[in-house]
Amino acid sequence: MMVVRFLAIVYFLSSATFVACSSANILYPVESESRELRTLHGLWNFKISPLFNQMIGFDEKWYTKRFDTLGDFWKIPVPSSYNDISTNSTIRDYVGWSWYQYEFYVPKRWTKDQLNVFLRFGSVHFKSTVWLNGQLCVDHEGGHLPFTGDATNLLKYGESNLIVVAVNNTLTPDTIPQGFTTFPNNTYKYPKGYRIYSHDFDYFDYSGINRAVQIYTTPKAYVCDITILTSFGNNSEGIVDYKVDICGINISTCHITLLDVNRNTVAESDTCFGKLIIPNVIPWWPIMSGKKQIAYLYTFQVKTNNENSDYYRMKIGVRTLQWTSKELLLNDEPIYLRGFGKHEDFIIRGRGYDDALSARDFYLIKWLGANSFRTSHYPYAEETLQQADEEGILVIVESAACSIKLFGSNLLEFHKRTMTENVNRDKNHPSVIMWSLANEPSNHLNSSVAYFQELYQHVRRLDQSRPITFVNSQQIQNAKAIEFMDILTLNRYSSWYSDSGHLDVIKYQIYKEFVAFTKIYKKPMLFTEYGAGSLSGLHSLPETMWSEDYHVTLLQEHFKTFDSLIENGVPILGEMIWNFADFKTPQEYIRPGLCVKGLFTRERQPKMAAYLVKERFNKFLSNSAHQNKSLNCIN
C-alpha cells in the first residue's frame, strides 16, 4: 500500500503536544550558547556481587561508599563492556549485579546560573540503577537505548561528587531479548543449587556501560524534543513540518532557523510547530545514487523566546519514503539495498562504542560500495546513525528482540516500551528507512500472530513515515504474522546450514522461495541474511566449507539468483549479506569463539569475499537494481 504523505502530516500535526515533556530529554546532548556538555569517561571502580548473595550491594548500601574502603574491586573503562577487559573468567562470563563507581566535579557557577543539570547514559546493558551522592537519580531497564536523570538537586557544586551505577545483565522470558535461568535437578551431574543461564541468540551478550556517560546543562526552560517530517512541494520546494517541545516553563513561541551547509538561512519561523518552505531544496540522497549531491544536511536551529533562551541545533535531511506492493521509493525513486547485517563488536572493548572503530567501519562500507546495513540485532549507538546521515548510508533499525519464542502480555508491553524509546530516539534521522521489530522470532507459533499485529499497530501510531517489518526465517507454510508487515524479509542459509556443501541448489531454492512469498503476500521482499563462514587464510581447491574459496563461490551463486529475480520482475528490494565482520559468540562446539561469516575479520581486514562483494556493489551506478545491465551474473 502506498503511504499517503498527506495523512501522515495530518496525523503528525493532530498528535502534536506543542508545550510538553512527554519525551523529555530524548534529544542527543549537544553544546550550544546555552548548554555545556561534559563526558564522564575513564577508569571507573568496578565490583561484582557474589552469585550466592546478589543483593549484598543493596543491603550494605554500596551506593553510599567508596569502593576502596570495601576492597576487592577492579578498574573498568567507561564506555566499554566489562567482559573482556580483565584476565578473570568470572568477570568475562558474569551474570548478575555488577557495580560501577566514579568521582567527578562540576563548577559552582552551574548553580549560580540557575541551570538544569542532567546525567545521561547512552546505553547500559541491561537493567541499571543510578545514585548520585547516595541518592537515587534514575533507573532504567533495557539495553542499547539512552536514559536521563535530573541531577540538578543531587549534585555538590564545586565539590567532589560520587556516582554509583548498579547494573544487572540478567535476561528473563519477559525482557527484550529473552534469557532463561534453570536449576538442574540432577545432583549426580551438578552440585546443589547449580545455576544454568542461557539465551537463544548467537552473539556474545556483552554487558556494562557500553556507551557514553554525559552530564550537561540547560536553562530552566529548554528544548526537550523535536519531531521532523519532510516532503516536497511544487517548484523544487522542500517542506519541513516540525514540532518542538519545551520543558520546564510554559513557553509557546520559538524562533526556528533552517541553515544550509554554508550556514546561510533558507527558512525561518516564530512558532514552536509549523511548516518551513525551502526554495530550491537539495534532497538527501544515499551514497551510490548517481546524484551530484549526496547526504545533504540542513541545520535545524531552535531558540526559545524567553529571557534565558535555550539554543539547540540538529542536522536534518529532506527526503521522502513510500512503499508499494513492489517497491521501496526514496524521493520517488526505487531503491535497491546492497549491504549487510553488522554487530557492535570488537576486541577487548566488546560492545563499547569507539569513534575510531566506527570511522573505520564506514570507510570499509564505502570501500565496498554498499549503501545500507541493518542494526542487527539491537539499536546501535546514536553516533553511528549520525555518521550514516553524513555519509548517506541507509539503515534498517532493529529492536533487541532477537530469537524471541514466548509471546506473553508482559513481553509485549516491554517490547512496546522499548520500541517507543527507539522510535523517539531515531525518528529524525534521514538515514533510517525502516523499523525491524525482531529478528528470527518463533513466528510459526499461533501466539505470535496477535503479538506482532498489536506491536505493528503500536509502532505505526508512533511513526507513519517508514515501513515496518520483522526478519523472518520460517518456511512459507509456517510463517505467521508476516501479513501484517509492510515489507517481507527472509533469512536463508542454503548450502550452509541446509544442504551443506551443495552449492548447486542455491539458485533453485532461493528463486523458487522468493517467487512463492511475493505471489502469496503481494509485497516486496528483502533478503536480510545469507552467507557462509570462512577462516581467513584457509583455502581449498575445489572449494570446501569454511574455506575462503567456498565463501566466494556461495556468494557468487546468490548473486546469480538475485540478478535472475531482478531481470524477471520479481519484487526484490535488496541483498544483505551476513555479516559485515566476524564477531564473538558464546562458547560452543560449532564455532571457534567467533562467528566467521564476516566479509572482514574481527580486526577489520578483508577476506577474499570482501573483494568479490566490492566488485559487485560498485557495478550498481544508482539506487535502482535495473540501472546497470552489465552485471552478467545471470548465467
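Along each chain, the written sequence defines residue order, and numbers are assigned to residues from 1. Local features in this predicted model are restricted to residues whose pLDDT is 70 or higher, and side-chain atom pairs enter the listing and the counts only when it is 80 or higher, whereas totals over whole chains, interfaces and linings include all residues. Derived side-chain values reflect all non-hydrogen atoms in the structure, with water molecules and hydrogen atoms excluded from consideration.

As annotated in an unreviewed UniProt entry, the chain is Beta-glucuronidase from Sipha flava. In its Sequence similarities (unreviewed entry) section, the UniProt entry covering the chain states "Belongs to the glycosyl hydrolase 2 family." UniProt positions are given in the numbering used here, feature names are shortened, and annotations may be inferred rather than shown by experiment.

With that settled, consider the overall build of the chain. Scanning the chain from terminus to terminus reveals 11 helices and 34 strands. Taking 2.2 N^0.38 as the reference for a compact globule, 635 residues should give roughly 26 Å; the C-alpha atoms of the chain span a radius of gyration of 25 Å, in line with that estimate. Dimensions of the chain, computed from the C-alpha atoms along their principal axes, are close to 80 × 75 × 45 Å. Buried means the residue's accessible area, taken with a 1.4 Å probe over protein chains only, is under 20% of the maximum for its type, while exposed means over 50%, and partly exposed covers the values in between. Looking at the 635 residues of the chain, the share that counts as buried comes to 61%. Note on contacts: a residue pair is in contact if any heavy atoms of the two residues lie within 4.5 Å. Sequence-distant contacts in the chain: of pairs separated by 6 or more residues, those separated by 24 or more amount to 73%. Working note: accessible area of the chain is about 25000 Å², and carbon and sulfur atoms make up 51% of it. Numbering goes from the N terminus for both helices and strands, where a helix is a DSSP run of H or I of at least four residues and a strand is a run of E of at least two. It is over C-alpha atoms that the radius of gyration is taken, and the globule rule equals 2.2 Å times the number of residues to the power 0.38. Accessible surface area values rest on a Shrake-Rupley calculation with a 1.4 Å probe, where residue burial reflects the displayed protein chains alone.

Basic side-chain nitrogens of Lys or Arg form a salt bridge, by our definition, when they fall within 4 Å of a carboxyl oxygen of Asp or Glu. By the definition in use, this model includes 34 salt bridges. Of the charged contacts in the structure, one is a salt bridge between glutamate 529 and arginine 374, with a shortest N-O distance of 2.7 Å. With glutamate 529 in strand E31 (residues 525-529) and arginine 374 in strand E26 (residues 372-374), this pair connects stretches of sequence that are 155 residues apart. Among the residues examined, glutamate 529 registers a relative accessible area of 4% and is labelled buried. Residue arginine 616 pairs with glutamate 575 through a salt bridge whose shortest N-O separation is 2.7 Å. Here arginine 616, found in helix H11 (residues 608-617), pairs with glutamate 575, found in strand E32 (residues 572-577); they are 41 residues apart in sequence, far enough to count as distant. Salt bridges here are not isolated pairs; linked through shared partners, they connect Asp202, Glu588 and Arg591.

Looking now at the side chain of serine 123. Mapped onto the elements of the fold, serine 123 is located in the loop between strand E5 (116-121) and strand E6 (124-125). Every residue in contact with serine 123, bar those within four places of it in the chain, is listed here: Gly143, His144, Leu145, Gly208, Ile209, Asn210 and Arg211.

The domain boundaries here were taken from an automatic or database domain assignment. If you check the domain split of the chain, you get domain 1 (36-169 + 205-217), domain 2 (220-319) and domain 3 (322-631). Between the C-alpha centres of domain 1 and domain 3 there is a distance of 34 Å. Counting residues at the interface gives 19 residues for domain 1 and 23 residues for domain 3. Summed over both partners, the interface of domain 1 with domain 3 comes to about 1700 Å²; 51% of that surface belongs to carbon and sulfur atoms. Of the charged contacts in the structure, one is a salt bridge between glutamate 382 and arginine 120, with a shortest N-O distance of 2.8 Å. In protein, a polar contact requires one atom able to donate a hydrogen and another able to accept it; more generally it is a pair of N or O atoms within 3.5 Å, and residues adjacent in sequence count only if both atoms are side-chain atoms. If you look at where domain 1 meets domain 3, you find 10 residue pairs in polar contact (both at pLDDT 80 or more). Tallied by class, residues from the side of domain 1 that touches domain 3 come to six nonpolar, six polar and seven charged. For any pair of parts, buried area is found by adding up, for both, the accessible area (1.4 Å probe) each one loses once the two are put together. We call Asp, Glu, Lys and Arg charged. Ala, Val, Leu, Ile, Met, Phe, Trp, Tyr, Cys and Pro are nonpolar, and the rest, Gly among them, are polar.

Together, Leu535, Leu538 and Trp546 give the surface a local cluster of nonpolar side chains, amounting to about 230 Å² of exposed area. Assignment of secondary structure puts tryptophan 546 in the loop between E31 and helix H10 (548-567). With a relative accessible area of 30%, tryptophan 546 lands in the partly exposed category. Residues enter a patch when their relative accessible area is above 30% and they make no salt bridge; the linking distance is 9 Å between like charges and 5 Å between nonpolar side chains (Val, Leu, Ile, Met, Phe, Trp, Tyr).

Before going further, it helps to examine the packing of aromatic side chains. Two rings belonging to Phe, Tyr or Trp (six-membered ring only in the last case) form a pair when the distance between their centres is within 6.5 Å. Interplanar angles under 30 degrees mark stacking, angles over 60 mark edge-to-face geometry, and anything in between is tilted. Taken as a whole, this structure holds 42 aromatic pairs when the rule is applied. Members of the aromatic cluster, joined through ring pairs, are Phe58, Trp62, Tyr63, Phe67, Trp97, Trp99 and Trp131. Only when the NZ atom of a Lys or the CZ atom of an Arg is both within 6 Å of the ring centre and within 35 degrees of the ring normal do we say a charge sits over the ring. In this structure, lysine 405 packs its charged tip against the face of phenylalanine 180, placed 4.9 Å from the ring centre. One Lys or Arg, lysine 584, reaches over the ring of phenylalanine 204 and ends 4.4 Å from the middle of that ring.

It is worth spelling out the sheet that holds strand E9 (residues 147-150) at this point. Any two strands with at least two DSSP-identified bridges between them are counted as paired. Overall, antiparallel pairing links the four strands, which are arranged E1-E14-E5-E9 in an open sheet. A strand with exactly one partner marks an edge of an open sheet, and here the two such strands are strand E1 (37-39) and E9. On average, each strand axis in the sheet is tilted by 25 degrees relative to the strand beside it, whichever way the strands run. Where E5 meets strand E14 (residues 213-218), six bridges bridge the pair, whose relative direction is antiparallel. From the neighbouring strand, arginine 120 faces E14, where its bridge partner is glutamine 214. The axes used here are C-alpha line fits, helices contributing only the stretch in contact, and every angle between their N-to-C directions lies in the interval 0 to 180 degrees.

Turn by turn, an α-helix covers 3.6 residues, leaving residues three or four places apart pointing in a common direction. The length a helix should cover is 1.5 Å for every residue beyond the first. The terminal C-alpha atoms of H10 lie 29 Å apart, and with 20 residues this matches the ideal 28 Å at 1.5 Å per residue to within 8%. A large share of H10 lies buried, amounting to 17 of its 20 residues. Glycine 569 sits one or two positions beyond H10 and adopts a positive phi of about 75 degrees.

A few words on the nonpolar core. One finds Phe340, Leu437, Tyr451, Phe452, Leu555 and Leu599 to be the most contacted residues of the largest nonpolar core, which totals 86 residues. Broken down by element, the residue count for this core peaks at eight residues, all from H10. In plain words, nonpolar cores are sets of buried Ala, Val, Leu, Ile, Met, Phe, Trp, Tyr and Cys residues tied together by side-chain atoms within 4.5 Å. Core analysis: the next-biggest nonpolar cluster, separate from the first, contains 34 residues, Phe104, Phe121, Val138 and Phe147 among them.

So, on to the packing of helix H5 (residues 355-368) against helix H6 (residues 382-391). Between H5 and H6, the least distance of the axes is 11 Å, while the angle of their chain directions is 35 degrees. When the axes of H5 and H6 are compared, the crossing they make is right-handed. Each of Ser358, Ala359, Phe362 and Lys366 in H5 lies in contact with H6, whose residues at this interface are Thr384, Gln387, Ala388 and Glu391. Partitioning the contact of H5 with H6 into residue classes produces three nonpolar, three polar and two charged. Crossing chirality is assigned from the near helix's rotation relative to the far helix, an anticlockwise turn below a right angle marking it left-handed and a clockwise turn marking it right-handed.

Moving on to the pairing of strand E30 (residues 488-491). What you see with E30 is no split at all: Leu488 and Leu490 on one side and Thr489 and Asn491 on the other are buried throughout. Each parallel crossover has a hand, and the one from E30 via helix H9 (residues 506-521) to E31 is right-handed. By definition, the crossover connecting two strands over a helix is right-handed if that path, from the first strand to the second, turns clockwise as seen with the strands pointing away from the viewer.

So, on to the environment of asparagine 623. By secondary structure assignment, the location of asparagine 623 is in the segment after H11. You can call asparagine 623 buried: its relative accessible area is 2%. Apart from the residues lying within four places of it in its own chain, the contact partners of asparagine 623 are Trp285, Pro286, Ile287, Met288, Ser289, Pro334, Ile335, Tyr336, Arg338 and Asn371.

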